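Overview (structure and organization)
One letter stands for each residue in the lines below.
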Amino acid sequence: MTAEQLTDALRARFPDLSVRPVDTAPSATVEPATLHGHMRFLRDELAFDMLEAVYRLFCSEARASLMVRVVLPRRAARVPTVSDIFRTAEWHEREAAEMFGIEFEGHPDPRRLLLPDDLEGHPLLKDFTHPNLRRLPETA
Amino acid sequence: MNGVDAGSRMLRMPGGSVLVDSLEWAINAARSNSLWTLTFGLACCAIEMMAAGASTYDWARFGFEVPSASPRRADMMIVAGTVVRKMVPVIRTLYEQMPDPKYVVAMGGCAIAGGPYVYDSYTIVRGVDEIVPVDVYIPGCPPRPEALLHGLMTLQEKIRSQTLRKTGAGA
Amino acid sequence: MADIPAPPTAPTPAPAASDEFILNVGPQHPATHGVLKVVVTMDGEVVKDIVPHIGYVHRGLEKLFENRTWEQIIPFTDRTDYLSAIANNFAYVMAVERLLGLQVPRKVEYIRVIMAELNRIASHLLWLAAYGLDMGAFTPFLYAFRDREEIGSMIESASGGRLTTNYFRIGGFVHDLPPDFFPRLRAFVGHFGRKVDEYDTLLIENAIFVARTRGVGAIDRDLAMSCGMSGPCLRACNAPRDVRKDTPYSLYPRLEFDIPVGRHGDTWDRSKVRIEEMRQSLRILRQAMDGYPEGDFKVRVPRNIEPPAGEVYVAVEGPRGEVGFFLVSDGSRKPYRVKMRTPSFSNFSALPDILRGGKIADLVAVMGSLDLVVPEMDR
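As the structure is a computational prediction, the values presented were derived from the model and not from experiment.

Here we take up the overall build of chain C. The helix and strand inventory of chain C stands at 15 helices and six strands. Across its three principal axes, chain C shows a C-alpha extent of roughly 70 × 50 × 45 Å. A total of 379 residues make up chain C; the buried ones form 56% of that total. Considering only intrachain contacts with a sequence separation of at least 6, the fraction spanning at least 24 residues in chain C is 70%.

Below, the structure is given as structure tokens:
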């Protein structure tokens, strides 16, 4: 379906959803509480079966045809898991959890995925500090 | 024998040093010409290591024929790839499981000093020599198979220069 | 020497019955294709549960990228999935060009596609070599590397690198292709078709291989798509998904090629799909060689690349599946966020579902058929 048809379908189902074009695809911003319902609609009725979820916390993971963003507070960010809808989210959410400190409610296996156990903090946050990190010069 | 010191009976015999030299030569030749490597490819350098073992470059003609998956039978460990903190206990365990005499070759920039990630990666270990003692360093990212072969031949030379005689620093 | 940290204390499942036991496969293991750990709970030979552990080569690339200029990131993209370095370069460079609103000359598109398809063949050859080695077949390893050397040498004459090429640049290339490139490519394409048939009969159609792989490790198509699988692993499940056809990029809309699709989603189908993909890549190479235009090999870009603030996601079809880059620019010389979507990450997450209830001897066959490259998973 085209971007316009997709935007119309989304607006018809969720009238108060804010949808705007980003790059070649529409992007819809949702609240955390309603995320699950939106995702279920997308999978079951619009047949988005290869979706990679997007969570906006100064970060996002996106798919070309649709981006769904959730605006989350920086500290104590909580969002319901979508791994029961899209299986691939299981590992992506684990990674996002350890990298950004987001808590995914209801996640079946919230262990660390990539980071070593002795690393404290959430590396991809902009205020992460580590003895190794230093700003490199921008010389060409 | 565990090191022949200057006062030992063998060296005091007439022609004793010739005997020790010949033994050294034979033992070192045997060791250097049949090094079994522990298959320990971590990242990109592993592919060039495989290429060095495959048809065009073929390290089997130097004696590195048998790659041993188990450290218990391996003579040398070629650390080929990036070492990160999560991997450190594994590398140390493998090194300690290898029986003596054992040698470690650091292949590629990451194993030598951290590679392109050395500056600001929060998980990198800046060189595998922070974990195990390294005998030969092979620079490159990744080193060509010829460079790996050169490094391994350097290791062979190093082995051939080892001595049975006890030196001041211990055998 | 540095302090040795304690081994990771990831929870391993306790055996429920007295005749279950836990087997640890990896991180150092000849058949894991890199450093990953798989903890298998078994009842005799049957796999009850399988828990993958990754992160043993996690270099923190996404954080690293926030500290590098846009051009400095290109060599790092090679080293995530080193077997498909060109595909990684391709996705990243196209993403930055999309942010800049840059259009590259046609000749650049042709060279990119030629390199990408050569890289696909080389990657599948290495898969064949390593997979045969895992299964106990040594000959395909030697044959495949012989052909891989030929491809690597061609790519090296153009880029300077055999494996991690660092070849593509934002806007094109640094030099044109060398004069002997096309004669070599023509010779290669001329004789490689017979080689693919040889690999087919040597390994894929070999009775022992078929017995070990047919019906083994089948994955249901809907589950595969839900797990985010892509590439040959997904196409083997009778799902004709290919980024080159679904969201075409570069030269692919103008090229004719088929997408090989398997029927049952088992290990044999995944293997057969890769062999067929090599044939299709040869087809693409022939078309690209025949239509190769004259023109510029690069377009002028500013000395300091500062894409305007915005986001973009660009994916290409790499040998393992969909390789994507999500870039967020804040208008400065360094990116704000780079997210790599790597196929092995999603493909591997399906392993528990594929193997649960299967036999331990099939573990090696299935993991090899997924064609994993671990640094790509860990980044």
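Past the structure itself, the notes keep going.
Listed by partner, the interface residues are 32 residues for chain C and 35 residues for chain B. Mapped onto the side of chain C that touches chain B, the elements with two or more residues apiece are helix H1 (61–65), helix H2 (74–80) and helix H5 (139–159) of chain C. The dominant element in the side of chain C that touches chain B, judged by the number of residues it contributes, is H5(C), at five residues.

Counting residues in each nonpolar core, the largest one holds 171 residues, and the members touching the most others are B:Val79, B:Val105, B:Met107 and C:Ala91. Ignoring anything within four residues of it in the chain, the contact list for B:Val105 reads B:Met76, B:Ile78, B:Val79, B:Asp135, B:Val136, B:Ile138, B:Gly151, B:Leu152 and B:Leu155. If you look at the next biggest cluster of nonpolar residues, it comprises six residues, including A:Ala97, A:Met99, A:Phe104 and A:Leu124.

Let us look at the environment of B:Arg31. Relative to the helices and strands, B:Arg31 is located in helix H2 (residues 16–32). Sequence separation between B:Arg31 and B:Ala60 is 29 residues; the distance between their C-alpha atoms is 15 Å.

All names here are of chain B. Taken in spatial order, the five strands make up an open sheet running S2-S1-S3-S4-S5, and their pairing is parallel. For this open sheet the edge positions go to strand S2 (67–68) and strand S5 (136–138), each flanked by a neighbour on one side alone. Bridge count between strand S1 (residues 37–38) and strand S3 (residues 76–80): two bridges; the pairing is parallel. Looking at the pairing, Thr37 lines up with Met76 of S3. Running at roughly 130° to S3, helix H3 (residues 45–53) makes contact with S3 and strand S4 (103–107) of the sheet.

Moving on to unusual backbone geometry. Residues and elements named next belong to chain B. The peptide bond linking Asp100 to Pro101 adopts the cis configuration, its omega dihedral lying at -10°. Tracing the sequence through the fold places Pro101 in the loop between helix H4 (88–97) and S4. Looking along the chain, the bond that leaves Cys141 and enters Pro142 is cis, with omega of -10°. Phi at Asp58 is positive, roughly 50°, even though this residue is not glycine. Considering the arrangement of structural elements, one finds Asp58 in the loop between H3 and S2. You can call Asp58 partly exposed: it has 17 C-beta atoms within 10 Å.

We now examine the sheet that holds strand S6 (residues 337–341) of chain C. Residue and element names in this part refer to chain C. The three strands lie next to each other as S4-S5-S6, forming an open sheet whose pairing is antiparallel. The sheet is open, and its two borders are formed by strand S4 (310–318) and S6, each paired with just one other strand. The sheet shows a mean angle of 10° between the axes of neighbouring strands, direction not considered. The sheet contacts of helix H3 (residues 85–100) involve S4 and strand S5 (321–329), and relative to S4 the element is tilted by about 150°.

The next thing to look at is the pairing of S5(C). All names here are of chain C. Of all nine residues that make up S5, nine are buried, and the element is covered over most of its length. As paired elements, S4 and S5 share nine bridges and run antiparallel to each other. Within S5, the residue paired with Val312 across the bridge is Leu327. In this antiparallel pair of consecutive strands, S4 and S5, the connection spans two residues. Relative to S6, S5 runs antiparallel, the two sharing five bridges. Opposite Val328, over in S6, you have Arg337 as the bridge partner.

In this section: the confidence of the model for chain B. Averaged over all residues, the pLDDT of chain B is 86; the fraction at 70 or higher stands at 95%. Ranking the elements of chain B by mean pLDDT puts helix H1 (residues 9–12) of chain B last, at 78, and S5(B) first, at 94.

We now examine helix H6 (residues 145–160) of chain B. Every α-helical turn comprises 3.6 residues, leaving residues that sit three or four positions apart pointing alike. All names here are of chain B. In a regular helix each residue adds 1.5 Å, so 16 residues correspond to 22 Å; H6 covers 22 Å between its end C-alpha atoms and thus fits that length. Those residues of H6 that fall on the buried side of the exposure criterion are Pro145, Leu148, Gly151, Leu152, Leu155, Gln156 and Ile159. Buried residues along H6 cover an arc of 150° about the axis, so they all sit on one side. Exposed positions of H6 whose direction lies more than 90 degrees from the buried face are Glu146 and Glu157. On the buried face of H6, the contacting elements are H2, H3, S4 and S5.

About the thresholds
Residues numbered from 1 in each chain as written. Chains lettered and ligands numbered in written order. Predicted model: local features only at pLDDT ≥ 70, side-chain atom pairs only at ≥ 80, totals over all residues. Helix = DSSP H or I, 4+ residues; strand = E, 2+ residues; numbered from the N terminus. Buried ≥ 20, exposed ≤ 12 C-beta atoms within 10 Å, placed from the backbone. Contact = placed C-beta atoms within 7 Å. Core = buried A, V, L, I, M, F, W, Y, C linked by C-beta atoms within 7 Å. Pairing = 2+ DSSP bridges. Axes fitted to C-alpha atoms, helices over the stretch in contact; angles between N-to-C directions. pLDDT = per-residue confidence, 0-100. Expected span 1.5 Å × (residues − 1). Arc of directions from axis to C-beta.

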